[in-house]
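Fold and contact review
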Amino acid sequence: MGYRIPNTAPTAKQQKQMKRAVIKLINHFGGLSQAAIELGVNKGVLNGWRTRGRVPAYQAESISSLPGMAKDGLTKEYMRPDVQDWNLLVGE
């Protein structure tokens, strides 16, 4: 499963937002270790997201559906503002 992501690089504004979203996600759970446990991924995966400055689109969609995420502003649209159409499944 994947998503329609533009062929162009994200704008500077989108890049900053995606970086903020990764940090906000990790902080939401109280740190890297707890976030990894809650999201069912290892710390290396989360560290990779932090290093790259973005959550993969398929992960953003599943994370945004977890309880409390929308309340804290962690929507898929916030985490991945560069995704053009969440209904078109194509691959990242």
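In this text the structure is predicted, and so the values were computed from the model without any measurement.

1. Overview of the overall build of the protein chain
Per the secondary structure count, the protein chain includes five helices and zero strands. When the helices and strands of the protein chain are listed from N to C terminus, the series reads α-α-α-α-α. Accessible surface for the protein chain amounts to roughly 5400 Å². Of this, 50% is attributable to carbon and sulfur atoms.

2. Considerations on the side chain of Q59
Tracing the chain through its elements places Q59 in helix 4 (residues 57-64). Judged by its relative accessible area of 14%, Q59 falls in the buried class. In contact with Q59, other than residues within four places in its own chain, are V41 and W49.

3. Some remarks on the packing of aromatic side chains
With the rule as written, the count across this model stands at zero aromatic pairs. Residue placement shows K24 over the ring face of Y78; its charged tip is 5.2 Å from the ring centre.

Thresholds, definitions, all that
- Residues numbered from 1 in each chain as written.
- Predicted model: local features only at pLDDT ≥ 70, side-chain atom pairs only at ≥ 80, totals over all residues.
- Heavy atoms only, no water.
- Helix = DSSP H or I, 4+ residues; strand = E, 2+ residues; numbered from the N terminus.
- Areas by Shrake-Rupley, 256 points an atom, 1.4 Å probe, with all protein chains shown as cover.
- Buried < 20%, exposed > 50% of the residue type's maximum accessible area, 1.4 Å probe, protein only.
- Contact = heavy atoms within 4.5 Å.
- Phe/Tyr/Trp six-rings, centres within 6.5 Å; stacked < 30°, edge-to-face > 60°.
- Lys NZ or Arg CZ within 6 Å of the ring centre and 35° of its normal.

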